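If you want the building blocks of each chain, they are given just below.
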Amino acid sequence: MHASRAEPDWRLLPPDEHVAAAVDSLRMLADPTRLRLLWLLCGDEYDVTTLAGAVGIARPAVSQHLAKLRLTGLVTLRRDGRRALYRATGTHVRHMLAEALHAAHHHAAGLPNHD
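Residues numbered from 1 in each chain as written. Predicted model: local features only at pLDDT ≥ 70, side-chain atom pairs only at ≥ 80, totals over all residues. Heavy atoms only, no water.

Draft legend 1. Just the environment of Thr33, in detail. Note that Thr33 resides in helix α2 (residues 32-43). Once you skip the residues sitting within four places of it in the chain, Thr33 turns out to touch Ile57 and His65. (Helix = DSSP H or I, 4+ residues; strand = E, 2+ residues; numbered from the N terminus. Contact = heavy atoms within 4.5 Å.)

Draft legend 2. Focus on the UniProt feature "domain: HTH arsR-type" (unreviewed entry) in the protein. In the numbering adopted here, UniProt assigns the feature "domain: HTH arsR-type" (unreviewed entry) to residues 14-108. Between the first and last C-alpha atoms of residues 14-108 the distance is 29 Å; the span itself is 69% helix and 13% strand. (UniProt positions renumbered as here; feature names shortened; annotations may be inferred.)

Draft legend 3. View of the packing of α2 against helix α4 (residues 59-71). Two elements in contact, α2 and α4, have axes whose closest approach is 10 Å; the angle formed by their N-to-C orientations is 75°. Between α2 and α4, the angle falls in the class roughly perpendicular. In contact with Thr33, Arg34, Leu37 and Leu41 of α2, α4 contributes Val62, His65, Leu66, Lys68 and Leu69. The residue makeup of the contact of α2 with α4, split by class, is 5 nonpolar, 2 polar and 2 charged. (Axes fitted to C-alpha atoms, helices over the stretch in contact; angles between N-to-C directions. Parallel < 35°, antiparallel > 145°, perpendicular 65-115°, else oblique. Nonpolar A, V, L, I, M, F, W, Y, C, P; charged D, E, K, R; others polar.)

Draft legend 4. Just the side chain of Asp47, in detail. Looking at the element boundaries, Asp47 is found in the loop between α2 and α3 (48-55). Side-chain polar atoms of Asp47 contact the side chain of Thr50, separated by 2.7 Å. Setting aside residues no more than four positions away along its own chain, Asp47 makes contact with Arg83, Ala84 and Leu85. (Polar contact = N/O pair within 3.5 Å; in protein donor to acceptor, adjacent residues only side chain to side chain.)

Draft legend 5. Inspection of the nonpolar core at higher detail. Membership of the largest hydrophobic core comes to 19 residues, with the highest contact counts inside it found for Leu38, Leu41, Val62, Leu66 and Tyr86. When residues of this core are traced back to their parent elements, those giving at least two are α1 (16-29), α2, α3, α4, β2 (83-88) and α5 (90-109). Examining the composition of this core, we find that 4 residues originate from one element, α2, more than from any other. Other than its neighbours up to four places away in sequence, Tyr86 contacts Leu41, Asp44, Glu45, Tyr46, Val48, Leu66, Arg70, Val75, Thr76 and Leu77. (Core = buried A, V, L, I, M, F, W, Y, C linked by side-chain atoms within 4.5 Å. Buried < 20%, exposed > 50% of the residue type's maximum accessible area, 1.4 Å probe, protein only.)

Draft legend 6. Molecular detail of α4. The terminal C-alpha atoms of α4 lie 18 Å apart, and with 13 residues this matches the ideal 18 Å at 1.5 Å per residue to within 8%. For α4, the full list of buried residues reads Val62, His65, Leu66 and Leu69. Angular distribution of buried residues about the axis of α4 spans 100°; they occupy a single face of the element. Turned more than 90 degrees off the buried face of α4, the exposed positions are Pro60, Gln64 and Leu71. Contacts from the buried residues of α4 go to α1, α2, α3, β1 (75-80) and β2. Within two residues after α4, Gly73 carries a phi angle of roughly 80°, on the positive side. (Expected span 1.5 Å × (residues − 1). Arc of directions from axis to C-beta.)

Here it is, written out as structure tokens:
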């Protein structure tokens, strides 16, 4: 079990390598197809064919999106015989995606922030 994380000190800038990694991850989420794929992969692991059917695009396009998500560490790949199964990389990725969509929902619906 992990100890709860302390609130960051917002007065101090994060290290450059952390900023660069965050920018890469957020850039990947700026694409609607990749965001939808990652959403599905936060709930379970899937193969390319299943993901292609779920998001309604061709398998080669899904494979290219998954390669980008893997490159930035947002998804992992597990082999099961000849099948390649993808899944979101851990709770940090799931929380990041959930928070991004939760904030978007509040903004789109005109709901107030709740600090």
